[in-house]
Amino acid sequence: MQIHTPTMLLVLSALCLSASLCHLVEWRNLRETALLYWSAGMGLIALAAATAPLRVFEFYAVAIGGANALLLAGYALLYVGFARFCDVKTSLWWYAGPVVWLLFYGLSPAAESVEARVAVISTIAAFYSLAIALTLLNPTARSGPALILSAAFGAHGLFCALRVVLVGLPAAIADQQLMTGFLFTLVMTQAILMIGVSTYLVIAMVRGRHEQSLRRLSETDFLTGIDNRRAFTTKATALLNDADAGDVALLLFDLDRFKKINDDHGHGCGDEVIKLFVDSTADHLRPTDVFARLGGEEFATLVRRRDKHEPAVIARAIVRGFANQARTVGGRSIAATVSAGVATNEANRDLNGLLTAADQALYRAKSMGRDRVEAVAVDVPKDGPPADDALLQVS
C-alpha cells in the first residue's frame, strides 16, 4: 500500500505537537520535571517531521540534514527525560547523537548515499530507543505502563536497526525526493503508532507514580517518616489475616509526661524527642515488623513472636534504650522516658481487641510509675475485654 509520505509527515508532526502539548499540560498539573524534557523532545520531532517534506522542493540541507538533526535531538531529550524519571544519571554525551549526524552529513562523502544516510540515522535512533527501553526497566520506574513502554521502545529500536537492512532491498526507496517506496510507508506507519502509544503510556506512568506518591503521603507520618495510623491499620490487619504469620504481639508505647517536655522546652524539642524515640526503636525491630505513629506521642508496633516472652523482652529493650539515649536531647537535659503495654494473641487475631488489651496494659504501666512495661495475654472472645488477672508485670 502506497501512502503520500509528505502528507503523513505533516500528520505525524501534528501528533507529535499534540503529544508535546499534552506533556506540557501534565507538567503544569504534576510538576514532574521529566515531562518538560518529553515535551521539548516531542516538539523537536514535530518540527523535524514538518521540515522533512521540504525535500520535495529540493531543500535538502534543511529537509535532510536539519530535519534529521532535529529528530535525533528530540530522541536525546526523550532519553534524558526518561533517565531523570528513573533517577539515572546522565551527561552531555547523551546529546552527541545529532552532532554525530551533522558531522557525517556535512563532512563525509558517504552522505551522498541514501543507504549510508539511513544507516547512520537509524543506528543512532536505535541506540536512543534501546537505551530508553533499558532505562525503563530500572526498579524506580517499575510499573505496568513502564514495562509496556519499555517493550514498545525496545521494538522501535529493533525496527530502527532493521531499517539498515531494509534500505538495501529493491523498491525500498523508489524516489527519495518524493519519498516513495515501501520503507517510507513502514516508517510512517510505525512512527504514528509509536507516538500514539507512547504518549498514552507516558502520561499513565507519570500519573501512576503521582498517585503512589499521594498514597504514601497519606500513609506516612510527616514528622518521623514512619507509617501513620491509617497505614498501620492496613498493614496490621493484613498481617493478622496472614495464616503463615504465626503468633503476633502488639506493643503500644506512649512517651511519659510529653506535654511537660513541650511546655518546658518548646515544641521543637518535643519533635526531637519523638524522632529520637523512632530512631532508637527502629534498632530493635525486624523488617517484617509493623511500626507506626498513631498520633501525638503514641506509637504501636505489631511483631511476629517466636515465644510468649519475646514481645515483652523487645518492649523492655526499647524502653530502656530510649531512656538511655534521651537523657539529653539537643544539648538539653530532658531525661525523657516511655511506657509500654504489650498484648500477645494466640487465639484472637482481631486488631481492635489487641489495641484495647495493649492500651489497658499501657494504662497500668502509667499508673504504676511510668518508664516500664506491662503485658497482657489475650485469649478471649473478640467482643470481650481482657481479664484483669491476665496482666503481667515484666519490668
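Residues numbered from 1 in each chain as written. Predicted model: local features only at pLDDT ≥ 70, side-chain atom pairs only at ≥ 80, totals over all residues. Heavy atoms only, no water.

## Considering helix H1 (residues 5–30)
Because an α-helix completes one turn every 3.6 residues, residues spaced three or four positions apart along the sequence face the same direction.
For step 1, the next point in the chain: For H1, spanning 26 residues, the distance from its first C-alpha to its last is 36 Å, which sits close to the expected 38 Å at 1.5 Å a residue.
For step 2, the next point in the chain: Looking one or two residues past H1, Arg31 carries a phi angle of roughly 60°, positive in sign. (Helix = DSSP H or I, 4+ residues; strand = E, 2+ residues; numbered from the N terminus. Expected span 1.5 Å × (residues − 1).)

## A few points about a nonpolar patch on the surface
For step 1, the next point in the chain: Taken together, Leu17, Leu21, Leu24 and Leu36 make up a surface patch of nonpolar side chains, about 330 Å² in accessible area.
For step 2, the next point in the chain: A per-element tally of the nonpolar patch places H1 first, with 3 residues.
For step 3, the next point in the chain: Mapped onto the elements, Leu36 comes out in helix H2 (residues 33–51).
For step 4, the next point in the chain: The partly exposed category is assigned to Leu36, whose relative accessible area is 33%. (Patch = residues over 30% accessible without salt bridge, like charges linked within 9 Å, V, L, I, M, F, W, Y side chains within 5 Å. Areas by Shrake-Rupley, 256 points an atom, 1.4 Å probe, with all protein chains shown as cover. Salt bridge = Lys/Arg side-chain N within 4 Å of Asp/Glu carboxyl O. Buried < 20%, exposed > 50% of the residue type's maximum accessible area, 1.4 Å probe, protein only.)

## Some remarks on the pattern of salt bridges
For step 1, the next point in the chain: Across all of its chains, the model carries 14 salt bridges by this definition.
For step 2, the next point in the chain: The residue Lys366 makes a salt bridge to Asp254 at a minimum N-O spacing of 2.9 Å. Note that Lys366 is positioned in helix H12 (residues 351–367) and Asp254 in strand E1 (residues 248–255), a separation of 112 residues in sequence.
For step 3, the next point in the chain: Take Lys366: its relative accessible area is 18%, and that puts it in the buried class.
For step 4, the next point in the chain: Among the residues examined, Asp254 registers a relative accessible area of 16% and is labelled buried.
For step 5, the next point in the chain: Asp263 is paired through a salt bridge with Lys259; the nearest N and O atoms lie 2.9 Å apart. Taken together, the positions of Asp263 and Lys259, both in helix H9 (residues 258–265) and 4 residues apart, correspond to about one turn of that helix.
For step 6, the next point in the chain: Note on Asp263: relative accessible area 52%, which makes it exposed.

## Section: the packing of aromatic side chains
For step 1, the next point in the chain: All chains considered together, the criterion is met by 13 aromatic pairs.
For step 2, the next point in the chain: For the ring pair Phe82 and Phe153, a centre distance of 5.5 Å and an interplane angle of 70° mean the geometry is edge-to-face. Of this pair, Phe82 sits in helix H3 (residues 60–85) while Phe153 sits in helix H6 (residues 144–166), and the two are 71 residues apart along the sequence.
For step 3, the next point in the chain: With a relative accessible area of 1%, Phe82 lands in the buried category. (Phe/Tyr/Trp six-rings, centres within 6.5 Å; stacked < 30°, edge-to-face > 60°.)

## Focus: empty space enclosed by the protein
For step 1, the next point in the chain: Scanning the entire structure with this criterion turns up 2 cavities of 30 Å³ or more.
For step 2, the next point in the chain: Of the volumes computed, that of the largest cavity is approximately 750 Å³.
For step 3, the next point in the chain: Around the largest cavity, the lining is made up of 38 residues, and of these Asn68, Leu71, Arg163, Val187 and Met188 lie nearest the centre.
For step 4, the next point in the chain: Elements that contribute at least two residues to the lining of the largest cavity include exactly H1, H2, H3, helix H5 (114–135), H6 and helix H7 (182–218).
For step 5, the next point in the chain: Split by residue class, the lining of the largest cavity holds 28 nonpolar, 7 polar and 3 charged.
For step 6, the next point in the chain: Quantified by volume, the second largest cavity comes out at close to 50 Å³. (1 Å grid on protein atoms, 1.4 Å probe; cavity = no way out; pocket = protein on both sides within 12 Å on 5 of 7 lines; lining within 4 Å. Points joined across faces, edges and corners; volume = space filled by probe spheres on them. Nonpolar A, V, L, I, M, F, W, Y, C, P; charged D, E, K, R; others polar.)

## Notes on helix H10 (residues 267–282)
For step 1, the next point in the chain: Its 16 residues place the ends of H10 23 Å apart at the C-alpha level, agreeing with the 22 Å of an ideal helix rising 1.5 Å per residue.
For step 2, the next point in the chain: For H10, the set of buried residues is Cys269, Gly270, Val273, Ile274, Leu276, Phe277, Val278, Ser280 and Thr281.

## What about the nonpolar core?
For step 1, the next point in the chain: Counting residues in hydrophobic clusters, the biggest one holds 61 residues, and the most contacted among them are Trp38 and Phe82.
For step 2, the next point in the chain: The set of elements that each furnish at least two residues to this core consists of H1, H2, H3, helix H4 (96–107), H5, H6 and H7.
For step 3, the next point in the chain: Per-element tally for this core: the top contributor is H3, with 12 residues.
For step 4, the next point in the chain: Among residues more than four places away in sequence, those in contact with Phe82 are Trp38, Ile132, Thr135, Leu136, Leu149, Phe153, Val202 and Met205.
For step 5, the next point in the chain: Counting 32 residues, the second largest nonpolar core, distinct from the first, contains Ile274, Phe291, Val329 and Ala340. (Core = buried A, V, L, I, M, F, W, Y, C linked by side-chain atoms within 4.5 Å. Contact = heavy atoms within 4.5 Å.)

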